[in-house]
Amino acid sequence: MRDHRHSESAPPVWHGHATNRVQWPLSAVGAACLALGIQLAVDSAWTTGLAPLAMSVVGCVLVGLMMLYGTLAFVHVSVKVDEHSFEVRCGYIGLPRRRILLEHVVGAEFAPTVTPRQWGGWGYRWRPEKGTAVVVRRGEGLVLTLGDGRSFTVTVDDAEAAVRVIRDRLRLPGTGKPAGA
């Protein structure tokens, strides 16, 4: 959210994050499905038929695990910009993760409003006409333009500061430094 210096000689490292608390109830539903699957497996007499009960147990457990992973992996995003790269880590365990070398970035823009609807939902998204995005909530974000013409968007608090740091590192217009220098 602000520039941090690790030492006087080291260039500043920018850290930012974004969190979506709306998805916590969805993770509770996932936990409930998982618990139901476990309860069915443990407490059922298994006399009503093996196939229907097994399908119910497996279905509840799988749905619960998918909901838990899907929500917990995308309720938080951490972004780091250092001297050489831009790195995004999703969730509290940092997976999935994407690292983009700044030498592959040709532009950085502030996006005042990024919505899950624009990208087809929350999470790590790809749309052929738009590029790739990590969307954990509605709000501000930044858009990187890569040298191959693709784009990478991420919702993050204080995205304008991240854009300034990236432009400064790349010496792009808008920083007072010559482009391509």
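Residues numbered from 1 in each chain as written. Predicted model: local features only at pLDDT ≥ 70, side-chain atom pairs only at ≥ 80, totals over all residues. Heavy atoms only, no water.

## Details of the packing of aromatic side chains
Here comes step 1: Summed over the entire model, instances satisfying the criterion amount to one aromatic pair.
Here comes step 2: Note on F86 and F152: the rings are 6.1 Å apart at their centroids and 75 degrees apart in plane angle, and the pair reads as edge-to-face. Linking F86 in strand β4 (residues 85-90) with F152 in strand β10 (residues 151-155), this pair joins segments that are 66 residues apart in sequence.
Here comes step 3: What makes F86 buried here is its relative accessible area of 0%.
Here comes step 4: Here K130 stacks its cationic end above the ring of W119, 5.1 Å away from the centre of that ring. (Phe/Tyr/Trp six-rings, centres within 6.5 Å; stacked < 30°, edge-to-face > 60°. Helix = DSSP H or I, 4+ residues; strand = E, 2+ residues; numbered from the N terminus. Buried < 20%, exposed > 50% of the residue type's maximum accessible area, 1.4 Å probe, protein only. Lys NZ or Arg CZ within 6 Å of the ring centre and 35° of its normal.)

## Comments concerning the pairing of strand β9 (residues 139-146)
Here comes step 1: Across seven bridges, strand β6 (residues 105-114) lies against β9 in antiparallel orientation. Bridging from a neighbouring strand, V105 pairs with L146 of β9.
Here comes step 2: As paired strands, β9 and β10 are joined by five bridges and run antiparallel to one another. By the bridge assignment, T145 is partnered in β10 with S151.
Here comes step 3: With antiparallel pairing between neighbouring strands as the criterion, β9 and β10 make up a hairpin whose turn holds four residues, including G149 at a positive phi of roughly 95 degrees. (Pairing = 2+ DSSP bridges.)

## Notes on the sheet that holds strand β8 (residues 131-135)
Hydrogen bonds between backbone groups are what pair the strands of a sheet, and the pairing can be parallel or antiparallel.
Here comes step 1: Spatial ordering of the open sheet is given by β6-β9-β10-β8-β7, a layout of five strands whose pairing is mixed. Edge positions in the open sheet fall to β6 and β7 (123-127), since each of these has one partner strand only. Averaged over all pairs of adjacent strands, the angle between their axes in this sheet comes to 20 degrees, without regard to strand direction.
Here comes step 2: Across three bridges, the pairing between β8 and β10 is parallel. Of the residues in β10, the one forming a bridge with T132 is F152.
Here comes step 3: Contacts between helix α4 (residues 159-170) and the sheet are confined to β6 and β9, with β6 contributing the most and set at about 170 degrees to the helix. (Axes fitted to C-alpha atoms, helices over the stretch in contact; angles between N-to-C directions. Contact = heavy atoms within 4.5 Å.)

## Here we look at the pattern of salt bridges
Here comes step 1: A full pass over the atoms with the stated rule returns six salt bridges.
Here comes step 2: Between R167 and E109 there is a salt bridge, and its shortest N-O distance comes to 3.0 Å. One end of the pair, R167, is in helix α4; the other, E109, is in strand β6, and 58 residues separate them in sequence.
Here comes step 3: The closest approach of N and O atoms between R137 and D157, which form a salt bridge, is 2.7 Å. With a gap of 20 residues between them, R137 in the loop between β8 and β9 and D157 in the loop between β10 and α4 connect regions that are remote in the sequence.
Here comes step 4: D157 gets classed as partly exposed once you look at its relative accessible area, which sits at 26%.
Here comes step 5: Each of E87, R89 and R97 takes part in salt bridges that share partners, so that together they form one network. (Salt bridge = Lys/Arg side-chain N within 4 Å of Asp/Glu carboxyl O.)

Function cannot be inferred from these measures alone, as they are strictly geometric.
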